[in-house]
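Given next are the chains, with one letter for each unit.
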Amino acid sequence: MSYERICGQDRAKSLIAAWLRRGRGPHAVLVSGPPGVGKRWLAFELAKALNCRAGGEEACGYCAPCRRTETWSHPDLCALVPLSKREKEDREPPLWREVWTEVRPEVMDYLSQEGSFFRGRANIPKNYFLSLRQEMGYAPVEGRWKVALIFEAECMYPAGANALLKILEEPPPHACFILVSSAPQRLLSTVVSRCQRLPLRRLSWEQLAGQLAGEGVEAQRAEVAARLAEGSLQRARQVAAGELDELSRQVERFLQAGFENQDGVYWELVEELAGDRLRLEQFLSLSSHYLRDVFLLSWQRFGEVARADRLEFLQQLQERLSAAGVEELAVELDRGFGCLGRNVHAPLVLAELWRQLRQGAKG
Ligand SMILES: [Zn+2]
């Protein structure tokens with residue numbers, strides 16, 4: 001058994017099992033899906049299974065090749081991650097051995113943490129694809145396959161993407177390329193069309209709650225985190241660890257002040273939020289959960305409420321808000337998200353929400 005790091009995703013697992021049963025996997029795989037659903041570990045498990053000596057429907061996790069893959073010391077395993085520094089494109093591609101010395105610690109670091117830590121202009125350099133192409137052309141040293149994992153594959157400049165495409169057009173018979181991306185729409189369509197797709201899905205809140213409970217999170221906290229996580233295990237863990245606690249206090253302050261026409265609170269929050277786009281998006285998302293909960297309460301659908309830990313507060317809101325007001329607010333939030341996606345000045349979205357909030361209050 002070797003899937004303990006991946007929650008759910010049975011369909012993808014059974015697809016992998018079918019490839020392994022037939023003993024003939026595709027030469028290129030694209031593992032895609034929203035953030036936090038287990039893409040990188042599923043790709044890693046596939047890489048491990050391809051050279052596992054037990055030859056089962058998944059990696060055994062115990063044989064020597066499995067153990068070597070686990071420590072990134074298998075001679076037939078390659079990987080690339082985006083690197084923050086810019087390469088010099090004018091020099092000859094280095095030997096893969098040299099690339100690997102630099103990339104291996106980055107890969108291990110990448111897998112040891114959750115979430116993308118590639119900010120700014122991280123890139124997978126073209127030269128490294130050329131080195132990889134050369135390396136993947138050699139016969140495997142000890143395994144059945146030479147396997148190359150390419151994490152955050154959308155982080156390639158066009159030159160790198162073209163170099164990769166050249167490899168995928170004529171892959172060596174023993175080569176398997178596993179691309180991982182949460183933004184496959186940013187890959188070259190010619191690259192995508194050469195890959196067998198392995199799409200991962202958002203997890204159900206029940207799966208997430210079960211997983212968190214198994215990790216020792218207290219039951220109600222696990223359930224609230226699971227409902228707020230929007231299908232992402234990574235997010236669920238962050239919420240369970242208290243990452244939204246401060247933001248929840250801000251949202252509650254905002255909602256309450258809106259009904260009480262306390263404009264001073266609004267300006268304070270604008271100050272706190274406006275400089276940080278990501279936080280503002282999270283703020284709007286969490287606000288929509290609260291308002292959705294108020295909506296659910298007014299329909300007596302208690303079992304579906306996300307913030308079951310904040311029932312008293314929600315009930316106070318419900319008493320202050322007209323039914324029409326809740327609906328208008330929900331529409332406004334959806335619109336606000338659309339605007340953020342189109343780069344509309346974020347404080348404007350917040351201002352409009354504030355206006356709606358004051359209008360939605362009873363009396
Ligand atoms: Zn094994």
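Residues numbered from 1 in each chain as written. Predicted model: local features only at pLDDT ≥ 70, side-chain atom pairs only at ≥ 80, totals over all residues.

Peer 1: Explain the overall build of the chain to me, please; I cannot follow it from the model alone.
Peer 2: In terms of helices and strands, the chain carries 16 helices and 5 strands. Principal-axis analysis of the C-alpha atoms gives the chain an extent of 75 × 45 × 30 Å. Considering only intrachain contacts with a sequence separation of at least 6, the fraction spanning at least 24 residues in the chain is 75%. (Helix = DSSP H or I, 4+ residues; strand = E, 2+ residues; numbered from the N terminus. Contact = placed C-beta atoms within 7 Å.)

Peer 1: Please clarify how the packing of helix α13 (residues 277-298) against helix α14 (residues 311-320) should be interpreted in this entry.
Peer 2: The relative placement of two packed helices is expressed as an angle between their axes plus a distance between the axes. For the pair α13 and α14, the least separation of the axes is 9 Å and the interaxial angle reads 75°. Classified by the interaxial angle, the pair formed by α13 and α14 is roughly perpendicular. Here α13 contributes D293, V294, L297 and S298 to the contact with α14, which in turn contributes L314, Q315, L317 and Q318. Partitioning the contact of α13 with α14 into residue classes produces 4 nonpolar, 3 polar and 1 charged. (Axes fitted to C-alpha atoms, helices over the stretch in contact; angles between N-to-C directions. Parallel < 35°, antiparallel > 145°, perpendicular 65-115°, else oblique. Nonpolar A, V, L, I, M, F, W, Y, C, P; charged D, E, K, R; others polar.)

Peer 1: I would appreciate a short explanation of the pairing of strand β2 (residues 77-80) in the present structure.
Peer 2: Looking along a regular strand, one sees side chains alternate from face to face of the sheet. Both faces of β2 are covered, namely the face carrying L77 and A79 and the face carrying C78 and L80. Bridging between β2 and strand β3 (residues 146-150) involves 4 bridges; their strand directions are parallel. Counterpart to A79 in the pairing with β3 is L149. (Buried ≥ 20, exposed ≤ 12 C-beta atoms within 10 Å, placed from the backbone. Pairing = 2+ DSSP bridges.)

Peer 1: Before we go on, may I ask you to explain the pairing of strand β4 (residues 175-181) in this structure?
Peer 2: Across the 7 residues of β4, 7 count as buried, placing the element largely inside the fold. Both faces of β4 are covered, namely the face carrying A175, F177, L179 and S181 and the face carrying C176, I178 and V180. One ladder, built from 5 bridges, connects strand β1 (residues 28-32) with β4; its direction is parallel. Across the sheet, the residue bridging to L30 is L179, located in β4. As defined by bridge partners, β3 adjoins β4 across 5 bridges and the pair is classed as parallel. By the bridge assignment for β4, L149 is matched with I178. Taking the sense of rotation as the criterion, the β-α-β connection linking β3, helix α6 (residues 158-169) and β4 turns out right-handed. (Right-handed = clockwise from strand over helix to strand, strands pointing away.)

Peer 1: It is not clear to me how the nonpolar core should be interpreted in this structure. Could you clarify?
Peer 2: The nonpolar side chains of a soluble globular protein tend to be buried, and buried together. Within the largest apolar cluster, 100 residues are counted, with the highest numbers of intra-cluster contacts made by V31, A79, A148, L149, I178, L179 and A225. Residue contributions to this core reach at least three from each of two domains, namely domain 1 (10-199) and domain 2 (244-360). Not counting chain neighbours up to four residues away, the residues in contact with L179 comprise V29, L30, V31, I150, A153 and C195. (Core = buried A, V, L, I, M, F, W, Y, C linked by C-beta atoms within 7 Å. Domains from an automatic or database assignment.)

Peer 1: Explain the sheet that holds β3 to me, please; I cannot follow it from the model alone.
Peer 2: Backbone hydrogen bonds hold the strands of a sheet together, and the pairing may be parallel or antiparallel. Strand order across the open sheet formed by 5 strands is β2-β3-β4-β1-β5, with parallel pairing between neighbours. Among the strands making up the open sheet, the edge pair consists of β2 and β5 (196-199). Here the average twist between neighbouring strands, direction ignored, is 20°. With respect to the sheet, helix α2 (residues 39-50) is in contact with β1, β2, β3 and β4, its orientation differing from that of β4 by roughly 170°.

Peer 1: Is there a simple way to explain helix α4 (residues 96-112) in this structure?
Peer 2: For the α-helix, the turn length of 3.6 residues means that residues three or four positions removed from each other point alike. With 17 residues, α4 ought to run about 24 Å at 1.5 Å a step, and its terminal C-alpha atoms sit 23 Å apart, in line with that. Maximum bend of α4: about 35°, positioned at V103, with proline P105 one to four residues after it. Within α4 the residues assigned to the buried category are W96, V99, W100, V103 and V107. Contact partners of the buried residues in α4: β2 and α5 (126-137). (Expected span 1.5 Å × (residues − 1). Bend = angle between axes of the 7 residues up to and from the residue.)

Peer 1: I would appreciate a short explanation of the domain arrangement of the chain in the present structure.
Peer 2: Interface extent is often summarised as the accessible area lost during association of the parts. Split into domains, the chain comes out as domain 1 (10-199) and domain 2 (244-360). With centres defined by C-alpha atoms, the gap from domain 1 to domain 2 works out at 41 Å.

Peer 1: Before we go on, may I ask you to explain the packing of helix α11 (residues 245-259) against helix α12 (residues 263-273) in this structure?
Peer 2: Two numbers describe how α11 lies on α12: the axes approach to 9 Å, and their chain directions differ by 150°. When the axes of α11 and α12 are compared, the pair comes out roughly antiparallel. Of the two elements, α11 crosses α12, and the hand of that crossing is left-handed. For the pair formed by α11 and α12, the contact residues are Q250, R253, F254 and A257 on the first element and V265, Y266, L269 and E272 on the second. Residues of the contact of α11 with α12, tallied by class, amount to 5 nonpolar, 1 polar and 2 charged. (Left-handed = near helix turned anticlockwise from the far one by under 90°.)

Peer 1: Help me out: how do you make sense of unusual backbone geometry in this one?
Peer 2: Of note in this structure, Q9 is not a glycine but carries a positive phi near 65°. Residue position: Q9 is located in the segment before α1 (10-22). Positive phi is not limited to glycine here, since E230 has a value of about 50°. Checked against the element boundaries, E230 lands in the loop between α9 (219-228) and α10 (233-240). On the neighbour-count criterion, E230 (18 C-beta atoms within 10 Å) is partly exposed.

Peer 1: Help me understand α1, please; the structure alone is not making it clear to me.
Peer 2: Along its 13 residues, α1 runs 18 Å from first to last C-alpha, staying within 8% of the 18 Å computed at 1.5 Å per residue. A positive phi of about 70° marks G23, the residue just after α1.

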